[in-house]
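Close look at the chain arrangement
One-letter residues, chain by chain:
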There are 2 protein chains.
Amino acid sequence: MQQHELRDLTRLSLNQATIDQWDARAAIEGCQRAGIPWIGLWRDKVARTGLSETARLVRETGIQVSSLCRGGWFPAATATERQTRIDDNKRAIEEAAELQTKVLVLVCGPAPDRDIQAAREMVEDALTQILPFAHQHGISLGIEPLHPMYAADRSVITSLAEANQIVEKFNDAHLGVVIDTFHVWWDVSVYEQIARASGHILGFHISDWLVPLPDVLLGRGMMGDGVIELRKLRQAVDAAGYQGPIEVEIFNRAIWNLPGDDVLDIMKRRYLEHV
Amino acid sequence: MQQHELRDLTRLSLNQATIDQWDARAAIEGCQRAGIPWIGLWRDKVARTGLSETARLVRETGIQVSSLCRGGWFPAATATERQTRIDDNKRAIEEAAELQTKVLVLVCGPAPDRDIQAAREMVEDALTQILPFAHQHGISLGIEPLHPMYAADRSVITSLAEANQIVEKFNDAHLGVVIDTFHVWWDVSVYEQIARASGHILGFHISDWLVPLPDVLLGRGMMGDGVIELRKLRQAVDAAGYQGPIEVEIFNRAIWNLPGDDVLDIMKRRYLEHV
């Protein structure tokens, strides 16, 4: 496949996880200064700025919200606790609507015990319950399969194949997948699964895989610093029909220690060079 | 599926990685003291004792060698370096034969650059070259798919599906898979893939997945200390027709700091309780 560069920043989005020290206000203003047209917001950082104030800033600056992170975390040991999670997801859907994004990202959560299969069924049960609510609010739910190293503590959905299968089973226009290069790059069937996701790709997240991996949770790399074939994957996602925002989502303590504006500068350059 | 316990230690094997401080002699003698009938040897530890001396100890003690770790590490940047790796794998096959084991475990290695697909092709090329040599020496090659978190630095073969596909493609009686619970437990298709491996399972390795994971490389847990459904997986492997040795392979610094005989005691008890 021929390599085509991205020529401008029109699809670039800052996922707030990349600059942890900024609340929603600081991140929106940072994107405005840097000419980054999209932002992926996190609920905790929105709460620090205030939901309605964040919504106002979004309207006034014209920065578009590519997604809200995150819903999910569905499996739990008791029916009561599972209902609490569902209620929280409904609040997340309302927040997404107020922030004028179309997508709530779902990190589906770990099993409460050793039974990973039962936990996967709890995920599907919860989706059944929240999808009508998502419809009412015009929000799409994006299942983000996480890297298998997070299977025990963050997500029982560990591959794009698995996420695609759930989406196909529900066959609901408001349910799709979010593809993150860090989570799926290792998969021998990743290109096949990206093609299979055509029509239900709700987001594309990028970062890089450093060698050696500095940390399980906070060891993601800036684009170009690792081994992921970012351009090849981005072109496959494009070829599957996705033309939406591309979120840079990097959990990395060293990057968090840099001034946010510097991170945005590096991010823009690396995006054009490597994605 | 009903849960059937293992009633004795006849299938138990100590993989030497579990007690890093012991060379081959110490490990063989430790297994003899503890009544553990099998051992999985590592080439570096065999070298410390000496190959022919280790072979002699194996003959004299009657401890059986379940496998030799490890061959593989095939992809490399140049044809010369790839040939060096192939030559080293041939030496490993000769060593396996001298140690009277039937199985050489293959950890296939990382890509030399960002092109993981090309590296996968190098693995297949190397298998084509070493399989005739394995035949001559009566050794079977067991592809061990590694957890995807090792895709960048240890193995481009990251799932049992992928290993099964290679084995089916070669359709060679001396090529199979080694299934390690730590590497495959997260996979939604693991039971399907274990059944698919029926007839070419050459080994079964066990350890547990601790939460949170203490370390990417040295964070494996003793059986029962983590979240892996070990008995369910073992029964699936049994149901697929595998009745061979079960190797305990735990890379964990805290366990390495315990006296080896204590580790064997714990290992035996946990094996009967959890596997």
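The sections below set out a description of the structure shown in this document. (Residues numbered from 1 in each chain as written. Chains lettered and ligands numbered in written order. Predicted model: local features only at pLDDT ≥ 70, side-chain atom pairs only at ≥ 80, totals over all residues. Heavy atoms only, no water.)

A closer look at empty space enclosed by the protein
All names here are of chain A. As enumerated under the stated definition, the model contains one cavity of 30 Å³ or more in all. Within this model, the largest cavity holds a volume of roughly 40 Å³. Lining the largest cavity are Ser 66, Ser 67, Val 103, Val 105, Val 178, Leu 202, Gly 203, Phe 204, His 205, Tyr 242, Pro 245 and Glu 247. Looking at the lining of the largest cavity, the elements that each hand over two or more residues are β3 (64-72), β4 (103-107) and β7 (201-206). Here the lining of the largest cavity gets four residues from one element, more than from any other, and that element is β7. For the lining of the largest cavity, a count of residues per class yields seven nonpolar, four polar and one charged. (1 Å grid on protein atoms, 1.4 Å probe; cavity = no way out; pocket = protein on both sides within 12 Å on 5 of 7 lines; lining within 4 Å. Points joined across faces, edges and corners; volume = space filled by probe spheres on them. Helix = DSSP H or I, 4+ residues; strand = E, 2+ residues; numbered from the N terminus. Nonpolar A, V, L, I, M, F, W, Y, C, P; charged D, E, K, R; others polar.)

Notes on the packing of aromatic side chains
Per the counting criterion, the structure on display carries seven aromatic pairs over all chains. Seen from their ring centres, Trp 186 of chain A and Trp 186 of chain B are 5.6 Å apart, and the 85 degrees between their planes marks the pair as edge-to-face. Here Trp 186 of chain A, found in the loop between α7 (181-184) and α8 (190-196), pairs with Trp 186 of chain B, found in the loop between α7 (181-184) and α8 (190-196), and the two come from separate chains. With a relative accessible area of 2%, Trp 186 of chain A lands in the buried category. Plain terms: the ring middles of Trp 185 of chain B and Trp 209 of chain B are 5.8 Å apart, the flat faces sit at 50 degrees to each other, and that makes the pair tilted. Of this pair, Trp 185 of chain B sits in the loop between α7 and α8 while Trp 209 of chain B sits in strand β8 (residues 208-209), and the two are 24 residues apart along the sequence. There is no split in this pair, since Trp 185 of chain B and Trp 209 of chain B are both buried. A network of ring pairs unites the aromatic residues Phe 182, Trp 185 and Trp 209 of chain A as a single cluster. (Phe/Tyr/Trp six-rings, centres within 6.5 Å; stacked < 30°, edge-to-face > 60°. Buried < 20%, exposed > 50% of the residue type's maximum accessible area, 1.4 Å probe, protein only.)

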